[in-house]
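Overview (structure and organization)
Given next are the chains, with one letter for each unit.
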2 protein chains.
Amino acid sequence: MATKETQTLILDTAIDLFNQFGTAKVSTNRIAIACHLSKGNVHYHFKNKESIIHSIYDRMAYEIRTEWNDEVEAPTTKDMATMFNRQLHQLWDYRFFYREMVPILATDEHLRFKFQIDRKQRLEEVTVFFKALRQHGLLKEEMSDSALDSLIVIGWVLTDNWINYIEAGKTSVNDSTLFNDEYFHYGYRLIIDLFRPYLTEQALVELSN
Amino acid sequence: MATKETQTLILDTAIDLFNQFGTAKVSTNRIAIACHLSKGNVHYHFKNKESIIHSIYDRMAYEIRTEWNDEVEAPTTKDMATMFNRQLHQLWDYRFFYREMVPILATDEHLRFKFQIDRKQRLEEVTVFFKALRQHGLLKEEMSDSALDSLIVIGWVLTDNWINYIEAGKTSVNDSTLFNDEYFHYGYRLIIDLFRPYLTEQALVELSN
């Protein structure tokens, strides 16, 4: 296998194992066995488990950056739904990261700095998007920047932790049937209810279609 | 030492180590050393690390149950602030649990069931409290039960994960200077902004005093 292919195999396998068992219970050796590679081969590509997690983060950040082209010229409530839907999919794919965010960030200073830069930038982009919604008459004009900032942070924390909230209430963790209507529709309903008092008639009509 | 004292020492020490280093990096042996106890003595009281975590959860749940006497006869916005403040304090004391909630619950089925019963009950109590606020003219009468339910779940997820959100943005994790104005005041401002569209004039006057 070419280097690129081997690395992709290692990362895909690691994501799957981390999602199933948590990072603490998955060693690089276990990843190597699941890949049918020697321990030495895995170590040739990745120094240690932290380095695998760091590369997984980089892939996730890249996907966010390239897939999320928010429509800010003429945003609609449909774009809002698409944005949220995309985010929930991505959170599910990399759910181990959201389950263990603080412990993971605590062990890797460089990853933490990257994460913070990415989060800051993404929060700014989301703010631009919601301001565009307001400008285009979908959010009420009287909604202050300060109220908007608060609701964006609240929506952010809600979204990032939505899998955790649902999983903590289930009889078994990491059950792929979770990835269903309850997860998507209930989560989206909360986001809409969060912004509801500030939605204009136009937005409510759009949403009911 | 009496049994009770020894167990308290083990739990206090474990909470401190888990908060500092995460549960994955703290063995029962490390807890024993930090307590100046033999490994055998720790195992006499607690079968394994999961059993220590389970007992820590029980203590946390007991504290919540006994300390949180929500005022539902004549609730004020001050009670809302007190409730939130108390919750943030408790979250800080047991922050390892909120950082690693899903991985912890995944390893202990009985703990998971207890957690679910407690969360359900607590969510119901919070709902009773907010309905009393509405009944006493602090939340607008036209706020529907469905909107109230949504905002309570949103507020719940926000509060449970507020430490994580703040910590993930900091240069160092587990820094006790986090336990400060930013954590309390910013968090409380978000909760108020979440409910603001539904607060009555009376509530807004109370809050500004």
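Figured I'd write up the structure that's included with this text.

What follows concerns the nonpolar core. The biggest cluster of nonpolar side chains holds 137 residues, and the ones touching the most others in it are Phe 130 and Phe 195 of chain A together with Phe 130 and Phe 195 of chain B. The residues contacting Phe 195 of chain B, other than those within four sequence positions of it, are Met 80, Phe 130, Leu 139, Met 143, Leu 148, Leu 151 and Ile 152 of chain B.

Glancing now at the interface of chain B and chain A. The interface is formed by 42 residues belonging to chain B together with 42 residues belonging to chain A. When the two sides are added together, the surface that chain B and chain A hide from each other amounts to roughly 3400 Å², 66% of it contributed by carbon and sulfur. Between the two partners, chain B and chain A, sit zero salt bridges. Where chain B packs against chain A, one counts ten residue pairs in polar contact (both at pLDDT 80 or more). Among the elements of the structure, helix 7 (101-106), helix 8 (109-135), helix 9 (145-160), helix 10 (162-168) and helix 11 (181-195) of chain B are those that each provide at least two residues to the side of chain B that touches chain A. Top element by residues in the side of chain B that touches chain A is helix 9 of chain B. It accounts for eight residues.

Moving on, we get to the relation of the copies chain B and chain A. Expressed as a screw transformation, the operator carrying chain B onto chain A has a rotation angle of 180° and an axial translation of 0.0 Å, and the superposed copies differ by an RMSD of 0.0 Å. Taken together, these values place the two copies in the relation of a two-fold axis. Most of the interface of chain B is mirrored in chain A, where 100% of its interface residues again form contacts.

Bringing the environment of Arg 59 of chain A into the picture now. All names here are of chain A. Assignment of secondary structure puts Arg 59 in helix 4 (residues 49-67). Relative accessible area serves as the criterion here: at 23%, Arg 59 is assigned to the partly exposed category. Sequence spacing of Arg 59 and Leu 11 is 48 residues, and the spatial spacing of their C-alpha atoms is 9.3 Å. Arg 59 has contacts with Thr 8, Leu 11, Asp 12, Ile 15 and Tyr 94, leaving out every residue within four places of it along the chain.

Positive phi, normally seen in glycine, also occurs at His 36 of chain A, with a value near 55°. Tracing the sequence through the fold places His 36 of chain A in the loop between helix 2 (28-35) and helix 3 (39-45).

Here we come to the packing of aromatic side chains. In the structure shown here, the tally under the stated rule is 24 aromatic pairs over all chains. Each ring, one from Phe 97 of chain B and one from Phe 115 of chain B, has its centre 6.1 Å from the other, and the planes form 50°; the classification is tilted. Note that Phe 97 of chain B is positioned in helix 6 (residues 95-99) and Phe 115 of chain B in helix 8, a separation of 18 residues in sequence. The same class applies to Phe 97 of chain B and to Phe 115 of chain B, which are both buried. Put simply, the rings of Tyr 57, Phe 97, Tyr 98 and Phe 115 of chain A pair up and form one aromatic cluster.

How each quantity is defined
- Residues numbered from 1 in each chain as written.
- Chains lettered and ligands numbered in written order.
- Predicted model: local features only at pLDDT ≥ 70, side-chain atom pairs only at ≥ 80, totals over all residues.
- Heavy atoms only, no water.
- Core = buried A, V, L, I, M, F, W, Y, C linked by side-chain atoms within 4.5 Å.
- Buried < 20%, exposed > 50% of the residue type's maximum accessible area, 1.4 Å probe, protein only.
- Contact = heavy atoms within 4.5 Å.
- Buried area = accessible area lost by both parts, 1.4 Å probe.
- Salt bridge = Lys/Arg side-chain N within 4 Å of Asp/Glu carboxyl O.
- Polar contact = N/O pair within 3.5 Å; in protein donor to acceptor, adjacent residues only side chain to side chain.
- Helix = DSSP H or I, 4+ residues; strand = E, 2+ residues; numbered from the N terminus.
- Least-squares fit on C-alpha atoms with pLDDT ≥ 70 in both.
- Phe/Tyr/Trp six-rings, centres within 6.5 Å; stacked < 30°, edge-to-face > 60°.

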